[in-house]
Amino acid sequence: MASSSFSGRRGPRPARKSPTPLPLDLDHTRLSRELEEIRQRELEIRKEQEEMQRKVADLPRQIEERERKQKELMRMRAVMTATQDDVFSQPRDKRYASGRKSISHRRMTRPEERSAKLQFLLLCVILAVFLFFLCKSLPH
């Protein structure tokens, strides 16, 4: 009796020993994994580079748009201040933004000085007229 099984077949196969990977195979798999990681990182870097190039190419348009908006805002402020001025003064000089409150006071322009002098003289005349009528209305 060569076989101990009922069917007359040979006995179970002997268990194979799991082949131990050679050191070269381990190095090869490690290197291929590292190579794949490097390729993935390279793709990420290329995508970032393309995105940065798009941003750099788009930068002049953004700067132009920002400057245009600033000019439009300055124009709107100039129109607003020109309509809010009183009767005696000339329209404000457009070189100075009226919305900004600066700590240092700027010097008045000649037309502004002229207008301020005219207003002062007119107010002095009106005050003199009021004083004159007040003195006239007092009983002696």
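Scroll up a little and you will see the structure.
Let me begin by describing the structure that accompanies this report. Because the structure is a prediction, the values reported are computed rather than measured. (Residues numbered from 1 in each chain as written. Predicted model: local features only at pLDDT ≥ 70, side-chain atom pairs only at ≥ 80, totals over all residues. Heavy atoms only, no water.)

1. Structural notes on the overall build of the protein
- Within the protein, the regular secondary structure consists of 2 helices and 0 strands.
- Burial analysis of the protein (140 residues in total) assigns 4% to the buried set.
- In the structure as shown, the protein presents an accessible area of about 14,400 Å², 60% of it carried by carbon and sulfur atoms. (Helix = DSSP H or I, 4+ residues; strand = E, 2+ residues; numbered from the N terminus. Buried < 20%, exposed > 50% of the residue type's maximum accessible area, 1.4 Å probe, protein only. Areas by Shrake-Rupley, 256 points an atom, 1.4 Å probe, with all protein chains shown as cover.)

2. Focus on the pattern of salt bridges
- For the coordinates displayed, the defined rule picks out 9 salt bridges.
- A salt bridge links E34 to R30; the nearest nitrogen and oxygen atoms lie 3.4 Å apart. One end of the pair is E34 and the other is R30, both in helix α1 (residues 23–84) and 4 residues apart, which spans about a single turn.
- Given a relative accessible area of 36%, R30 falls into the partly exposed group.
- Residues R106 and E112 are paired through a salt bridge, measuring 3.3 Å at the closest nitrogen-oxygen approach.
- In the salt-bridge network here, residues are joined through shared partners; they are D27, R30 and E34. (Salt bridge = Lys/Arg side-chain N within 4 Å of Asp/Glu carboxyl O.)

Remember that the coordinates give geometry; whether it matters functionally is a separate question.
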